[in-house]
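Chains, contacts and geometry: an overview
These are the residues of each chain, in order.
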Amino acid sequence: MNVGIIGTGAIAWKHAQAYKNIGYRVAACTNTTPERGRKFAEAMGAAFVPSVEELCGQDGLDFVDVCTLPGYRLRAVELAAENGKHVLVQKPMAVDLNTAARMISVARGAGIQLGVISQHRFDDSVLFLKRAIAAGRLGRILEADAYVKWYRPAEYYARPVKGSWAVEGGGALITQAIHQVDLLLHLVGAVGEVFGYWQRGGTHAIESEDTVCAVLRYASGATGVIQASTSVWPGYPERLEIHGTKGTANITGDQLTAWDVEGDPGEDAPVARGGTASGASDPMAISLVPFERQLSDFGEACKTGRTPACTGVDGYQALELVRSIYASCVEGRKIELAPREFEVV
């Protein structure tokens, strides 16, 4: 598979290494800062092109990987669609729901695949837990919680776009915790109601939240909480805690750290005996393996026409939960979530 990358910041380097490891070729790239783009191109043996329009129009690319800040998504999808290229976008898929919905509609109208990066779906711990919950090994889910108590120093937010509503869509919840938001939806199912509180610029000079806490009621009747922060020094590995009528499973970082299920007859649980990979204090201290698995999955979806493991609709639903928590924080009331239909354009 030949891939074109839009945006050559830190996450693009991670993606490029993962592509190399699975035998895919980064054939072209572009960046609004040409010297950074050329440096990336030289390191990857790729062609640097000066614009997104030119990259999406290149012959021989199987799909486009959008690694920009989340304020730039829709135009890249439109250009990919116009040129019949499948497109994969970094999380979050957009900063607002109307843009995300339009991306889905454009992709459907063009008959192209639209995928959203959520690599932790491919962690061994999550793959196991997805199977186990589906098999009923935890029983009826009672409570499902996510805790992302990370730390980012002041220099992390030194660029004006960091933590901004217009470019990043918010702070700790949408940028750091959206992976765990997606995993809760992936493992437990849709959320029906949320109520949230936040601290905007609590310890950082940003306009959005650096600490947020939300209470959830899932469509199934289960309840849960999400806590997200970039103010908790020195930063602790993120956790998922899922409690059912038959027992409990905890994931810390990328590892299953508790599997306490009464009389469980199923496959052995891969409970960790060592450390975990987490971006708690270093955004790049994350494993390449789940990236490799997701990029391989998306490539196979492009080849065969099957649905990728994390679709544009999945990305929309994670963003919808984030935006609903934000709305609750602003309005001081419970927010109800409802299914949305997507047009084809």
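Per chain, residue numbering runs from 1 following the sequence as it is written. Totals for whole chains, interfaces and linings use all residues, but because this is a predicted model, local features are given only for residues with pLDDT of at least 70 and pairs of side-chain atoms are given and counted only at 80 or more. In computing side-chain values, all of the structure's heavy atoms are included and hydrogens and water are not.

Attention shifts here to unusual backbone geometry. Cis rather than trans, the peptide bond between lysine 91 and proline 92 has omega equal to -20°. In this fold, proline 92 is placed in the loop between strand S5 (86–89) and helix H5 (97–110). In this chain, tryptophan 233 is followed by proline 234 through a cis amide linkage whose omega measures 5°. Examined against the element boundaries, proline 234 turns out to sit in the loop between strand S10 (223–229) and strand S11 (239–244). For the purposes of this entry, the term helix denotes a DSSP run of H or I that reaches at least four residues, the term strand denotes a run of E that reaches at least two, and both are numbered from the N terminus.

A fitted line through C-alpha atoms represents every axis, and for helices the fit uses only the stretch in contact; the resulting angles, taken between N-to-C directions, go from 0 to 180 degrees. At their nearest, the axes of helix H4 (residues 74–82) and H5 sit 9 Å apart, and the two run at 5° to each other. Classified by the angle between their axes, H4 and H5 sit roughly parallel to one another. Contacts from Leu74, Val77, Glu78 and Ala81 in H4 reach Thr99, Arg102, Met103, Val106 and Ala110 in H5. Put simply, Ala, Val, Leu, Ile, Met, Phe, Trp, Tyr, Cys and Pro go in the nonpolar bin, Asp, Glu, Lys and Arg in the charged bin, and everything else, Gly too, in the polar bin. In the contact of H4 with H5, the residues fall into six nonpolar, one polar and two charged. By definition in this entry, angles of less than 35 degrees are roughly parallel, angles greater than 145 are roughly antiparallel, angles of 65 to 115 are roughly perpendicular, and the rest are oblique. Contacts are assigned to residue pairs with any non-hydrogen atoms lying within 4.5 Å of each other.

In short, DSSP must find at least two bridges between two strands for them to pair. One open sheet accounts for eight strands, arranged S13-S12-S11-S7-S10-S9-S8-S14; its pairing is mixed. Since the sheet does not close on itself, it has two edges, and those belong to strand S13 (255–261) and strand S14 (335–336), each with one partner. Sheet contacts for helix H6 (residues 124–134): S11, strand S12 (247–252) and S13; angle to S13, the most-contacted strand, approximately 25°. Most of the contacts of helix H8 (residues 178–188) go to strand S7 (residues 141–149), to which it runs at about 165°, and overall it touches S7, strand S8 (191–200), strand S9 (209–218), S10 and S11.

Our next topic: the sheet that holds strand S2 (residues 25–30). What links the strands of a sheet is backbone hydrogen bonding, and the strands pair in either a parallel or an antiparallel sense. Strands sit in the order S3-S2-S1-S4-S5-S6 across an open sheet of six strands; the sheet is parallel. Whereas interior strands pair on both sides, the edge strands pair on one side only; in this sheet they are strand S3 (47–48) and strand S6 (114–116).

We now examine the packing of aromatic side chains. Side-chain rings of Phe, Tyr and Trp, where Trp is taken by its six-membered ring, are said to pair if the distance between their centres is within 6.5 Å; with planes under 30 degrees apart they count as stacked, over 60 as edge-to-face, and otherwise as tilted. Inspection of every chain in the model, using the stated rule, returns 12 aromatic pairs. Ring geometry for phenylalanine 63 against phenylalanine 298: centres 5.1 Å apart, planes inclined by 80°, an arrangement best described as edge-to-face. Of this pair, phenylalanine 63 sits in strand S4 (residues 63–66) while phenylalanine 298 sits in helix H9 (residues 289–304), and the two are 235 residues apart along the sequence. According to the relative accessible area criterion, phenylalanine 63 is buried, its value standing at 0%. Among the aromatic residues, ring-to-ring pairing joins Tyr19, Tyr24, Phe63 and Phe298 into one connected group. A cation sits over an aromatic face here: arginine 152 above tyrosine 156, 5.5 Å from the ring centre. Think of it in three bands: with a 1.4 Å probe and only protein chains considered, a residue is buried below 20% of the maximum accessible area for its type, exposed above 50%, and partly exposed in between. Definition used: whenever NZ (Lys) or CZ (Arg) falls within 6 Å of the ring centre and also within 35 degrees of the ring normal, the charge is taken to sit over that ring.

By themselves, these figures tell us nothing about what the structure is for.
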